[in-house]
Amino acid sequence: MSKSEPFDLEPTVAGDVSVVGGLALGEKLPTLEQVRGPGAPRRFPLAAVETVVGRGQQAHVTIESALLSRRHVLFRRHGPELSLVDLDSANGVFLNGVKAHAALLHEGDTIQVGDVVFVLHEAPA
Amino acid sequence: MSAPIFVRFWGTRGSIPTPGHKTRRYGGNTSCVEIHSAESELVCDGGTGLRELGLELLQRKQPPRSMHLFFSHMHWDHIQGFPFFVPAYAPENELTVYDPGSGRVEELLQGQMRSDYFPVNFNDLGAKIRTRHFDAQATRVDDFEVRCFEQAHPGRSFGYAFELGGKKIVYATDSELDRLLVNRDETERDPEKLRRLPSELVAFVAGADLLIADGQYTDAEYPKKVGWGHARASTVADLAHQGGVKQCALFHHDPLHSDELVDQKIAAARARLAAHGSSTLVFGAREGLELKF
């Protein structure tokens, strides 16, 4: 699977612990549901400890939008918590409509980067 | 372009810590807000959120660390994190505590660490802790200019305005704004009318990039809580609008409010601002959210 390929399967478990970074067997992955912007609708399970979203090839999730920086926003998992950090993007990261530099994320949060909108699902059914 | 200011919410709850699934999103720790730049580490209030901030500071910056702590007042929910603030235990650190009011801030911090309440005595804290008094006149704190103003709260409380490089952050929690209204009669007759606050208070918040303000109650709750020292969200929205505030974070969430109730409070404040044709963005302060200015 390429870095930019969407994850269309319902996320459950990845067998490679080096990829999933501490997930317990059977634990479900938090998922970004892209509801707007190029390529939407699609889903990106956040399997790795760190996932960078941007328009550049250095990003783990690449979305071809001129409104995204090459490395726009970082999603980081630490234990049960999920957070985001704006990687000094040109157009910012908006959490539920508020321009955020960093934040802890929760179920149903809306994250907008450029013309791309995600809805976070902490543990999809 | 000046160095950026970062504002992070470590505790947003009012009155008492409120952990649990109902408050997960906005958080259950009591008041603590960090304001920092490349040169400065400023902390507003030492509620239970201060504990987590202390742990983060240990990771983020090598000692010696210099920190400045501004208390709105000394009620429990604003000081309970202090005994658990790990940087206060390290001898290489310096902590300056600002006292705009009674002159008793250090005494009161010591009081909650008496052996009746806590096993470690204040005087056994390792860091160099000094108290600095200042009044409403602007005071230089590292690269920030700081002013304070008295608020309406039982036992007194103080708000602070922090300015750096043309940016302005105002921290104004625990203030019963409705007791200060200059058009109370008019707004009691017509609740939709803009509630006007005194010009001195409006001037303190004027043009702020961010106003962090106690908006504990809904309109329905406030009549039963008159005199308790807290604001209803709708009056905070009116103050922010009058001051031309760019963003207003409703803070000091009621311990009885679930995340969904806080959402409703914010929606009502936004609707009120829209009705007044305001460009102010109001949102709910939530733990872990960091803004950059």
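What counts and what doesn't
- Residues numbered from 1 in each chain as written.
- Chains lettered and ligands numbered in written order.
- Predicted model: local features only at pLDDT ≥ 70, side-chain atom pairs only at ≥ 80, totals over all residues.
- Heavy atoms only, no water.
- Phe/Tyr/Trp six-rings, centres within 6.5 Å; stacked < 30°, edge-to-face > 60°.
- Helix = DSSP H or I, 4+ residues; strand = E, 2+ residues; numbered from the N terminus.
- Buried < 20%, exposed > 50% of the residue type's maximum accessible area, 1.4 Å probe, protein only.
- Pairing = 2+ DSSP bridges.
- Axes fitted to C-alpha atoms, helices over the stretch in contact; angles between N-to-C directions.
- Contact = heavy atoms within 4.5 Å.
- Salt bridge = Lys/Arg side-chain N within 4 Å of Asp/Glu carboxyl O.
- pLDDT = per-residue confidence, 0-100.

## Topic: the packing of aromatic side chains
Note on aromatic pairs: each is described by the distance of the centres and the angle between the planes.
Residue and element names in this part refer to chain B.
Consideration 1: Scanning all chains against the criterion turns up 13 aromatic pairs over all chains.
Consideration 2: Taking 5.2 Å as the distance between ring centres and 65° as the angle between the ring planes, the aromatic pair formed by Phe70 and Tyr160 counts as edge-to-face. A residue pair is termed long-range when its members are at least 10 positions apart, and Phe70 in strand 4 (residues 66-70) and Tyr160 in strand 9 (residues 157-164) qualify at 90 residues. Taken as a pair, Phe70 and Tyr160 share a single burial class, namely buried.

## Some details on unusual backbone geometry
Consideration 1: Here the amide bond leading from A:Ala40 into A:Pro41 is cis, since omega sits at 0°, within 30 degrees of zero.
Consideration 2: Mapping A:Pro41 onto the fold places it in the loop between strand 1 (31-36) and strand 2 (42-45).
Consideration 3: Cis geometry marks the peptide bond from B:Pro63 to B:Pro64; its omega dihedral reads 5°.
Consideration 4: Positioned with a positive phi, B:Ser15 is a non-glycine residue whose angle comes to about 75°.
Consideration 5: Tracing the backbone shows B:Ser15 in the loop between strand 1 (6-11) and strand 2 (32-36).
Consideration 6: Overall, the relative accessible area of 33% leaves B:Ser15 in the partly exposed class.

## Digging into the sheet that holds strand 11 (residues 210-214) of chain B
Residues and elements named next belong to chain B.
Consideration 1: Within the open sheet, the 7 strands sit side by side as 7-8-9-10-11-12-13. Their pairing is mixed. Of all the strands in the sheet, the pair left with one neighbour each is strand 7 (139-141) and strand 13 (281-284). Taken pair by pair, the neighbouring strands of this sheet meet at an average axis angle of 25°, ignoring direction.
Consideration 2: Against the sheet, helix 6 (residues 259-275) touches strand 12 (247-251) and strand 13, its axis set at about 175° to strand 13.

## Digging into the pattern of salt bridges
Residue and element names in this part refer to chain B.
Consideration 1: Per the stated rule, a full pass over the model turns up 19 salt bridges over all chains.
Consideration 2: Where Arg60 meets Glu41, a salt bridge forms, and the shortest distance between an N and an O atom there is 3.6 Å. Here Glu41 lies in strand 3 (residues 41-44) and Arg60 lies in helix 1 (residues 49-60), a separation of 19 residues in the sequence.
Consideration 3: Look at the salt bridges and you will find they share partners, linking Glu34, Glu41, Glu56 and Arg60 into a network.

## A closer look at the confidence of the model for chain A
Consideration 1: Across chain A, the average pLDDT comes to 84, with 77% of residues at or above 70.
Consideration 2: Here residues 1-22 of chain A is a poorly scored stretch, pLDDT under 50, and it has 40 contacts once near neighbours within four places are set aside; other chains count.

## Some words on the confidence of the model for chain B
Consideration 1: Mean pLDDT over chain B: 96, with 100% of residues reaching 70 or higher.
Consideration 2: For this predicted complex, the interface confidence comes out at an ipTM of 0.94, alongside a pTM of 0.93.

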